[in-house]
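If you want the building blocks of each chain, they are given just below.
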Amino acid sequence: LDAAQKIRLLSARARLLFMGNRSDDALDHYESAMALAQEFGHKCHEAICRGEIGMLLQKEGRFDEARASYGLALTAARELGDRRHEGRWRGHLGELGRYQGDMAAAEEDFDSALELAQELGDRQYEGIWLGELSKMYRQLGRVLETLEYTEAALAVAKELNDRRSE
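Rules and cut-offs
- Residue numbers here run from 1 along each chain, matching the order of that chain's written sequence.
- Reporting in this predicted model follows two pLDDT cut-offs: at least 70 for local features of residues, and 80 or more for side-chain atom pairs to be given and counted; totals over whole chains, interfaces and linings ignore these cut-offs and use all residues.
- Calculated side-chain values reflect all of the structure's heavy atoms, with hydrogen atoms and water omitted.
- Two aromatic rings from Phe, Tyr or Trp, using only the six-membered ring of Trp, form a pair when their centres are within 6.5 Å; if the ring planes differ by under 30 degrees the pair is stacked, by over 60 it is edge-to-face, and anything between is tilted.
- Each helix corresponds to a stretch of at least 4 residues labelled H or I by DSSP, and each strand to a stretch of at least 2 residues labelled E; elements are numbered beginning at the N terminus.
- Relative accessible area decides the class of each residue, using a 1.4 Å probe on protein chains only: under 20% of the type maximum gives buried, over 50% gives exposed, and in between gives partly exposed.
- Within this document, salt bridges are pairs made up of a side-chain nitrogen of Lys or Arg and a carboxyl oxygen of Asp or Glu, the two lying within 4 Å of each other.
- Only protein atoms enter the calculation, which uses a 1 Å grid: trapped sets of points that fit a 1.4 Å probe without letting it out are cavities, open sets showing protein on both sides within 12 Å along at least five of seven lines are pockets, and any residue with an atom within 4 Å of a point is a lining residue.
- Grid points are joined across faces, edges and corners, and a volume is the space filled by probe spheres set on the points.

Novice: How would you sum up the packing of aromatic side chains? Please name residues and give values.
Specialist: What the rule picks out here adds up to 4 aromatic pairs. Between Tyr-125 and Trp-129, the aromatic rings sit 5.6 Å apart at their centres with planes inclined by 35 degrees, giving tilted as the arrangement. One end of the pair, Tyr-125, and the other, Trp-129, are both in helix H7 (residues 123-140), 4 residues apart, so they sit about a helical turn from each other. In this structure Trp-129 comes out as buried when scored by relative accessible area, which is 2%.

Novice: Please set out the pattern of salt bridges residue by residue, giving values where relevant.
Specialist: A complete count under the given rule lists 15 salt bridges for this structure. Arg-83 is paired through a salt bridge with Glu-119; the nearest N and O atoms lie 2.6 Å apart. A residue pair is termed long-range when its members are at least 10 positions apart, and Arg-83 in helix H5 (residues 83-99) and Glu-119 in helix H6 (residues 103-120) qualify at 36 residues. Residue classification places Arg-83 among the partly exposed positions, given a relative accessible area of 35%. Of the charged contacts, one joins Arg-142 and Glu-145 as a salt bridge, the two residues approaching to 3.1 Å between their closest N and O atoms. Residue class for Arg-142 comes out partly exposed when judged on its relative accessible area of 30%.

Novice: So what's going on with the environment of Gly-81? Residues and values would help.
Specialist: Note on placement: Gly-81 falls in the loop between helix H4 (63-80) and H5. Note: C-alpha distance between Gly-81 and Cys-44 (37 residues apart in sequence) is 10.0 Å.

Novice: Report on empty space enclosed by the protein, specifying residues and quantitative values.
Specialist: Over the atoms rolls a probe the size of a water molecule, and its path tells where empty space is left. On inspection of all chains with the given rule, the structure shows 1 cavity of 30 Å³ or more. Counted as a void, the largest cavity has a volume near 60 Å³. Around the largest cavity, the lining residues are Arg-83, Arg-84, Gly-87, Arg-88, Ala-113, Leu-116, Ala-117, Leu-120, Asp-122, Tyr-125 and Trp-129. Residue assignment for the lining of the largest cavity shows that the elements contributing at least two residues are H5, H6 and H7.

Here it is, written out as C-alpha cells:
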C-alpha cells in the first residue's frame, strides 16, 4: 500500500470504530492517519482527519477541542480550495455553536454551509443544513422560520428519496 492508501484505510477503520462507540481507538486511528498525511504532505487527507477528529471530540463533549479541530480543518479546506469540505466544517461548527447555545455563531455557520452546498449543487448537504437551521430556529422559538426550513429540508429529502431524513 502507498501512503494515501494507508491513510484512507486508517481513516476508514477509525470511522468504523467511531460508529461502534470505540472513540479512544477511533481517535488513535485518526491521529495515525493524520501523522501519515503530514509526513507525506497529503494536506487534503490531513484536513479531513482533523475535521473527523472534531466530530469525534464533539460527540465526546470535548467542545473546545472539537472547535479547534474544526477550525484547523476549515482553514486547511480554504487553503486547498476545497469548497465541499469548507461547507462541511462550517456546518459542524454551526452544530457545535447550537449545542453550546451560541445561536448567532450557529446561524452564521449554518448559513455559510448552506450557501456553499447550494453553490456546489450538493443537495444532500443542503438538506442537512436546512434541517439544522430548522432545529436551531425551533430552539429559539422562531416558529415561521422553523416551518420554512423544515419544509425546505423535507422537499430536499423527498427529491433525494431519503426516507430517513423525511
